[in-house]
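Below, each chain spelled out in residue letters.
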Amino acid sequence: MGVEGYLPCEIDPVDNLEVALNRAARCDTLCVIDDANLHPVLAREIEQQKTFDAGICSEVSCFRCTVGSEPVRVVYSPVGELSDFDDVRRYAEAAGQAMRRALKAGAKFPLLVLPAPTERFSAAPLVALLGALHELYVPLQLREDVPAKRQRYAKIGLLHPDGAQRGQDLLRQVQSLEAGRFVARDIGGGDPERMAPPRVAEYVLQAFAGGPVKVTVVDDPRVFERDYPLFQAVNRAAGTVERHRGRIVFLEYRPPKPARKTVVLVGKGVTYDTGGADIKAGGVMAGMSRDKCGAAAVAGFMKVVEQRQPQDVHAIGVLCMVRNSVGEECYVSDEMVTSRAGVRVRVGNTDAEGRMAMADALCQMKERVLSEGLPDPHLYTVATLTGHAVLAVGNSAIVMDNGPARAANHGPELQRAGEVVGDPFEISVLRREDFDFHRGKCYGEDVLQANNLPSSRTPRGHQGPAAFLMLATGLDKCGLSSAHPIKYSHLDIAGSAGDVPDTPTGSPILALAQAHLQ
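Just so we're clear, the structure is a prediction, and the values are computed from it rather than from any experiment.

### Side note on the overall build of the chain
Scanning the chain for helices and strands turns up 17 helices and 17 strands. A globule of 518 residues ought to have a C-alpha radius of gyration of about 24 Å, and the chain, at 24 Å, matches this closely. Overall, the chain is about 85 × 45 × 45 Å in size when its C-alpha atoms are taken along their principal axes. Here the chain holds 518 residues, and the buried ones make up 58% of them. The contacts of the chain with a sequence gap of at least 6 include a subset with a gap of at least 24, amounting to 77%. Looking at the chain as shown, the accessible area adds up to about 20,800 Å², and 48% of this sits on carbon and sulfur atoms.

### What about the sheet that holds strand β9 (residues 261-273)?
Note: strands within a sheet are paired through backbone hydrogen bonds, in either parallel or antiparallel orientation. The mixed open sheet is built from eight strands, whose spatial order is β7-β8-β10-β9-β13-β17-β14-β15. For this open sheet the edge positions go to β7 (213-218) and β15 (425-429), each flanked by a neighbour on one side alone. Across the sheet, the mean angle separating the axes of adjacent strands is 20° when strand polarity is ignored. In terms of strand pairing, β9 meets strand β13 (residues 377-383) through six bridges, oriented parallel. When the bridges of β13 are listed, Leu-265 appears paired with Tyr-380. The sheet strands contacting helix α9 (residues 229-238) are β8 (247-253) and β10 (313-324), and the helix crosses β10 at an angle near 40°. Contacting β9, β10, β13, β15 and β17 (487-492), helix α17 (residues 509-516) crosses the sheet at an angle of about 170° to β9.

### Describing the UniProt feature "domain: Cytosol aminopeptidase" (unreviewed entry) in the chain
Under the local residue numbering, the UniProt record ascribes the feature "domain: Cytosol aminopeptidase" (unreviewed entry) to residues 349-356. This span, residues 349-356, is 50% helix and 0% strand, and a straight line between its end C-alpha atoms measures 11 Å.

### Remarks on the packing of helix α11 (residues 353-372) against helix α16 (residues 464-473)
Where α11 contacts α16, the axes come no closer than 9 Å and their chain directions differ by 50°. With respect to α16, the axis of α11 lies oblique. Our pair here, α11 against α16, has a crossing hand that is right-handed. In this structure, α11 contributes Arg-355, Met-356, Met-358, Ala-359, Leu-362, Cys-363 and Lys-366 to the contact, and α16 contributes Pro-465, Phe-468, Leu-469, Ala-472 and Thr-473. Residues of the contact of α11 with α16, tallied by class, amount to nine nonpolar, one polar and two charged.

### Section: the pattern of salt bridges
Overall, the coordinates contain 33 salt bridges when judged by the stated rule. Residue Arg-90 is joined to Asp-86 by a salt bridge in which the shortest nitrogen-to-oxygen separation is 2.8 Å. Here Arg-90 falls in the partly exposed class, since its relative accessible area comes to 23%. By sharing partners, the salt bridges in this structure join Glu-252, Arg-254, Arg-368 and Glu-372 into a single network.

### A few points about the nonpolar core
Core analysis: the largest hydrophobic core is formed by 88 residues, its most contacted members being Ile-187, Val-204, Leu-251 and Leu-319. Top element by residues in this core is helix α10 (residues 293-308). It accounts for 10 residues. Two domains share this core, each providing at least three of its residues, namely domain 1 (3-184) and domain 2 (193-517). Sequence-distant contacts of Ile-187, that is, excluding residues within four places in its chain, are made with Met-195, Val-200, Tyr-203, Val-204, Lys-292, Ala-296 and Ala-299.

### A few points about the side chain of Lys-280
Looking at the element boundaries, Lys-280 is found in the loop between β9 and α10. Relative accessible area serves as the criterion here: at 17%, Lys-280 is assigned to the buried category. A distance of 2.9 Å separates a polar atom in the side chain of Lys-280 from a polar atom in the side chain of Asp-351. In this structure, Lys-280 is in contact with Asp-273, Thr-274, Gly-275, Met-285, Met-288 and Asp-351, ignoring residues within four places of it in sequence.

### Observations concerning the pairing of strand β6 (residues 155-159)
Remark: a regular strand shows side chains that alternate across the two faces of the sheet. Counted residue by residue, β6 has four buried out of five residues, so it is predominantly covered. Sheet topology note: the strand β1 (residues 10-14)/β6 ladder contains five bridges and is parallel. Counted as the bridge partner of Glu-10 is Lys-155 from β6. Here strand β5 (residues 110-113) pairs with β6 via three bridges, running parallel. Of the residues in β6, the one forming a bridge with Leu-111 is Gly-157.

### Points about the pairing of β10
β10 sits mainly inside the fold: 12 of its 12 residues count as buried. Neither face of β10 is open: one carries Val-313, Ala-315, Gly-317, Leu-319, Met-321 and Arg-323, the other His-314, Ile-316, Val-318, Cys-320, Val-322 and Asn-324, and all of them are buried. In this structure, β8 lies alongside β10, joined through seven bridges in antiparallel fashion. Opposite Leu-251, over in β10, you have Gly-317 as the bridge partner.

### Quick word on the sheet that holds β5
The sheet built from six strands is open, its strands ordered β1-β6-β5-β2-β4-β3 with mixed pairing. Where the open sheet ends on each side, the last strands, each with one partner, are β1 and β3 (61-67). Taken pair by pair, the neighbouring strands of this sheet meet at an average axis angle of 30°, ignoring direction. Bridge count for strand β2 (residues 29-32) against strand β4 (residues 70-76) is four bridges, and the pairing is parallel. The residue of β4 that forms the bridge with Val-32 is Tyr-76. The sheet contacts of helix α2 (residues 40-52) involve β2, β3 and β4, and relative to β3 the element is tilted by about 140°.

Cut-off values and rules
- Residues numbered from 1 in each chain as written.
- Predicted model: local features only at pLDDT ≥ 70, side-chain atom pairs only at ≥ 80, totals over all residues.
- Heavy atoms only, no water.
- Helix = DSSP H or I, 4+ residues; strand = E, 2+ residues; numbered from the N terminus.
- Rg over C-alpha atoms; globule rule 2.2 N^0.38 Å.
- Buried < 20%, exposed > 50% of the residue type's maximum accessible area, 1.4 Å probe, protein only.
- Contact = heavy atoms within 4.5 Å.
- Areas by Shrake-Rupley, 256 points an atom, 1.4 Å probe, with all protein chains shown as cover.
- Pairing = 2+ DSSP bridges.
- Axes fitted to C-alpha atoms, helices over the stretch in contact; angles between N-to-C directions.
- UniProt positions renumbered as here; feature names shortened; annotations may be inferred.
- Parallel < 35°, antiparallel > 145°, perpendicular 65-115°, else oblique.
- Left-handed = near helix turned anticlockwise from the far one by under 90°.
- Nonpolar A, V, L, I, M, F, W, Y, C, P; charged D, E, K, R; others polar.
- Salt bridge = Lys/Arg side-chain N within 4 Å of Asp/Glu carboxyl O.
- Core = buried A, V, L, I, M, F, W, Y, C linked by side-chain atoms within 4.5 Å.
- Domains from an automatic or database assignment.
- Polar contact = N/O pair within 3.5 Å; in protein donor to acceptor, adjacent residues only side chain to side chain.

Here it is, written out as structure tokens:
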């Protein structure tokens, strides 16, 4: 499928408003989110509406306006007055609301009038268009099951304040990003059967077929037992059901020129989380099909890499796809499992399966970095890991750096990159208490996987898992004072990934692309 296939509809940049309204295929609705630099007739009409209804400045409105020879519907979704604490997401929200209101109004061919970039928000046009496309996304299963509903619009027009050529340039940039977010939404939003591990692998193989990203799928339980023992502990129960058996999917892009840096992303892909033996009770299991959004975002980032084909960035993605099922074969608390790194791990809570699923693949990536001497490597884990993260920062993502990554100023740089494109991060600091919490408590164990309380009831509940991942993989021995320091960052996206019933966001694809692929 070409890059256009990863857009929710065709996008048609136009030179100016007159062209959009006077050609044969005429736009029937103007979606306006900022009244600066507008066509004089449209600007005058909006000002008149403001004198009639002051609410137009703060709520989405729809009214009739005559621009040129024929009347046209106008949907006005104002960004509004921006305070010191607002960010560029206001443009995405306004554009999404405009699309939603246009659909309700019966629009067939809307024209999105993009805002002009500002000194504070230079990426406002980009973020607005991404917000509109997010609103128009149609879930994979609806597209497959009801083809007549595969698009909410067949086509939208696009008016850039600086003309059609700038619109075309912006569209090329958006196409690569939206391809990644589209893949991430498809995987992250699929239900537990449509996106069970084997079917995720099938989807990824098809999505990357014929391109520069090599895909390798590991599906042999004997390999899991030998090379990924922590992953296999989680997979044990689901492995008894063929359609639920785990998969580890590797995606790798090698640049045409010598690599300047190496970006390695390991994603949590828990296709459904029952909690396992420590079962999620009291109605909190609903929505756990979204526990694969970390792996979905990794696949999405690699799709952006495929589209942009950076000349000197080596990128590797690993999707750890597993279902945390409950049954006679499920792993249980008190089990002692030796990780790929030779670390003896005592299970404390089977509902802390995400860290188990990722640890051995992360260890393997550490081994590759050291054995192959990969240039300027940075390892990441990306996961919807803890409810504590949601309590701590709401709908933002969190970045936690080890010593080498913190010394490289990674957290603030990723945060700044996210601010530009509306993919915000908060920074949390790992401290010795996080490692002490997970060190073995009994003679014969090296690491305690988790306590038996929810993360939301555990002090420093979102930092601890990053410490566990370092201890279980040997990354704790790759710090600043070691012979081989390796940058490692854990990204908890539990708050930013998008929960049911909302559309998956694809976070943190935009921030990572801004940080590594510019």
